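Chain by chain, the residues run as shown.
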Amino acid sequence: MNTSPSSSAEQARKALGARLRELRKDAGLSGRALADATGQHFTRVSKIENGTQAPTDHDIREWCRVCGADDQLPDLIATLRAVDSAYLEFRRQSRAGMKRVLGAHTPQRYEHTDVFRIYEHNVIPGLFQTAEYMASMLRFWVKFLGTADDVDEAVAVRMERQRVIQYGGKRIVALLEEQALRTWFGTAEVQAGQLGRLLELMSQQNVSLGIIPLMRERVAVGSAGFWIFDDSLVALETPTASIQVTRPQEIHMYARMFEALKSSAVYGRDARGLIVTVLGELGR
């Protein structure tokens with residue numbers, strides 16, 4: 001995956017144009033014929049197919065109608081949404097402070113999600129973070145992004161989201177690499193408090209926490225952390241952008257990866273044992 005927001009968006013737009021071109025060719029239509037049938041200039045059809053101009057919802061609906069490809073409409077519309085708004089630059093969002101850098105992690109998104117599937121390879125996920133751990137991590141991002149220092153407000157916004165764990169009907173299924181237990185943010189005391197918080201959360205009936213041990217034979221390796229919100233959105237974060245995936249086919253691929261990663265995880269007593277072991281090492 002190319003994690004540059006601008007280049008990734010451009011590639012996604014070109015990929016969408018190529019798919020529309022294939023639909024036209026499969027229907028046996030020339031560019032001019034499709035333009036005539038959809039009421040637009042043929043040069044615009046060429047620009048859309050070459051990725052130099054983004055189509056509208058109306059363009060895609062008319063394209064599918066003329067090409068007899070209505071079955072492709074939902075996925076193409078989802079792809080267009082990804083092209084339009086998937087790449088949200090952190091630096092732009094953070095101008096007003098870190099409390100605005102939420103990406104897909106908005107209170108509304110959390111309220112409307114029934115099942116959270118979370119994979120993190122080197123950090124404790126935000127839903128499980130203590131305020132001290134969260135503040136230590138955000139202080140780095142304030143410095144890195146050169147944004148206003150609003151750590152206290154940003155922590156308050158993020159801690160408020162954790163209330164979703166108490167909501168009836170919510171299910172949180174999380175996978176952590178053991179490295180996430182060993183990556184420090186702040187002092188040893190902050191890390192110990194964070195690991196203690198994980199032990200507390202494991203007693204929640206609606207929380208499933210698996211840990212993938214180091215030095216373990218496995219069938220899959222995740223290249224980046226990701227969150228799956230129900231089956232409607234996948235969210236990833238890079239050092240410069242929040243990436244949101246909405247194409248059904250791509251969401252399905254992330255769900256498959258999540259299941260593959262689960263097969264290498266340990267749960268229950270074994271997972272607790274790993275956390276307790278790391279806690280013991282902190283005290284040395």
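Residues numbered from 1 in each chain as written. Predicted model: local features only at pLDDT ≥ 70, side-chain atom pairs only at ≥ 80, totals over all residues. Heavy atoms only, no water.

**Student:** Sorry, what's going on with the side chain of Glu120 here?
**Tutor:** Residue placement: Glu120 occurs in strand β2 (residues 115-120). Buried charge without a partner: Glu120 forms no salt bridge, and the closest opposite charge is Arg161, 9.8 Å away. Every residue in contact with Glu120, bar those within four places of it in the chain, is listed here: Pro125, Leu175, Leu176, Glu177, Ala180, Gly225 and Trp227. (Helix = DSSP H or I, 4+ residues; strand = E, 2+ residues; numbered from the N terminus. Buried < 20%, exposed > 50% of the residue type's maximum accessible area, 1.4 Å probe, protein only. Lys, Arg positive; Asp, Glu negative; His and termini not counted. Salt bridge = Lys/Arg side-chain N within 4 Å of Asp/Glu carboxyl O. Contact = heavy atoms within 4.5 Å.)

**Student:** Any chance you could explain helix α4 (residues 57-67) here in plain terms?
**Tutor:** Quick reminder: α-helices carry 3.6 residues per turn. Residues three or four places apart thus point the same way. Within α4, the full set of buried residues consists of Asp59, Ile60, Glu62, Trp63, Cys64 and Cys67. With its phi angle positive at about 65°, Gly68 sits one or two positions after the end of α4.

**Student:** Can you walk me through the side chain of Thr183 in this structure?
**Tutor:** Considering the arrangement of structural elements, one finds Thr183 in the loop between α10 (178-182) and α11 (188-201). Other than its neighbours up to four places away in sequence, Thr183 contacts Asn122, Tyr133 and Gln191.

**Student:** Can you walk me through helix α13 (residues 268-282) in this structure?
**Tutor:** Under the 1.5 Å per step criterion, the end-to-end length of α13 is 22 Å for 15 residues, consistent within 8% with the ideal 21 Å. Tucked into the core, α13 has its buried residues touching α10, α11 and β4 (207-212). (Expected span 1.5 Å × (residues − 1).)

**Student:** Whenever I open this one, unusual backbone geometry confuses me. Can you help?
**Tutor:** Leave glycine aside and you will find that most residues have negative phi; peptide bonds, for their part, are mostly trans. Phi at Met215 is positive, roughly 55°, even though this residue is not glycine. By the element assignment, Met215 lies in the loop between β4 and β5 (226-229). Accessibility expressed as a relative area gives 86% for Met215, which makes it exposed. With a phi close to 50°, Asp230 is a non-glycine residue in the positive phi region. Note on placement: Asp230 falls in the loop between β5 and β6 (233-237). Accessibility expressed as a relative area gives 21% for Asp230, which makes it partly exposed.

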